[in-house]
Amino acid sequence: GQFGLNPSQRQAVLTTLHSKNGSITAVNGPPGTGKTTLLKSVIASQWVNAALKGATAMPPLILGVSTNNQAVTN
């Protein structure tokens, strides 16, 4: 799309989608580097995967934290 993921973002999405239950992935970087775009892609992918698996599947718990309130809101 208009705001596609760059190679390092795509790698982070793949790493997250193939991670084991209970694993933690940290995403950090300076403002404007696409962290929110990356996280939205991960969350959307997890929900789609859960929907494709059926009604009993639940997407994983995703905790978004930041020292910046606007980042958490986004």
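Okay, so let's go over this structure. (Residues numbered from 1 in each chain as written. Predicted model: local features only at pLDDT ≥ 70, side-chain atom pairs only at ≥ 80, totals over all residues. Heavy atoms only, no water.)

Turning to a nonpolar patch on the surface, a few remarks are in order. A cluster of nonpolar residues, Val27, Leu39, Ile43, Trp47 and Ile62, forms a patch on the protein surface that exposes about 430 Å² of accessible area. Positionally, tryptophan 47 belongs in helix α2 (residues 35-53). A relative accessible area of 53% places tryptophan 47 in the exposed class. (Patch = residues over 30% accessible without salt bridge, like charges linked within 9 Å, V, L, I, M, F, W, Y side chains within 5 Å. Areas by Shrake-Rupley, 256 points an atom, 1.4 Å probe, with all protein chains shown as cover. Salt bridge = Lys/Arg side-chain N within 4 Å of Asp/Glu carboxyl O. Helix = DSSP H or I, 4+ residues; strand = E, 2+ residues; numbered from the N terminus. Buried < 20%, exposed > 50% of the residue type's maximum accessible area, 1.4 Å probe, protein only.)

Moving on: α2. Taking 1.5 Å per residue as the helical rise, α2 with its 19 residues ought to reach 27 Å, and the 27 Å between its terminal C-alpha atoms agrees with that figure. Among the residues of α2, Leu38, Val42, Gln46 and Ala50 are the ones counted as buried. Down the axis, α2 shows its buried residues gathered within 100° of arc, on one side only. Turned more than 90 degrees away from the buried face of α2 sit Lys40, Trp47, Ala51 and Leu52, all of them exposed. (Expected span 1.5 Å × (residues − 1). Arc of directions from axis to C-beta.)

With that out of the way, let us pick up the side chain of glutamine 46. Inspection of the secondary structure assignment puts glutamine 46 in helix α2. Here glutamine 46 is in contact with Thr16, Leu17, Pro59, Pro60 and Ile62, once residues within four sequence places are set aside. (Contact = heavy atoms within 4.5 Å.)

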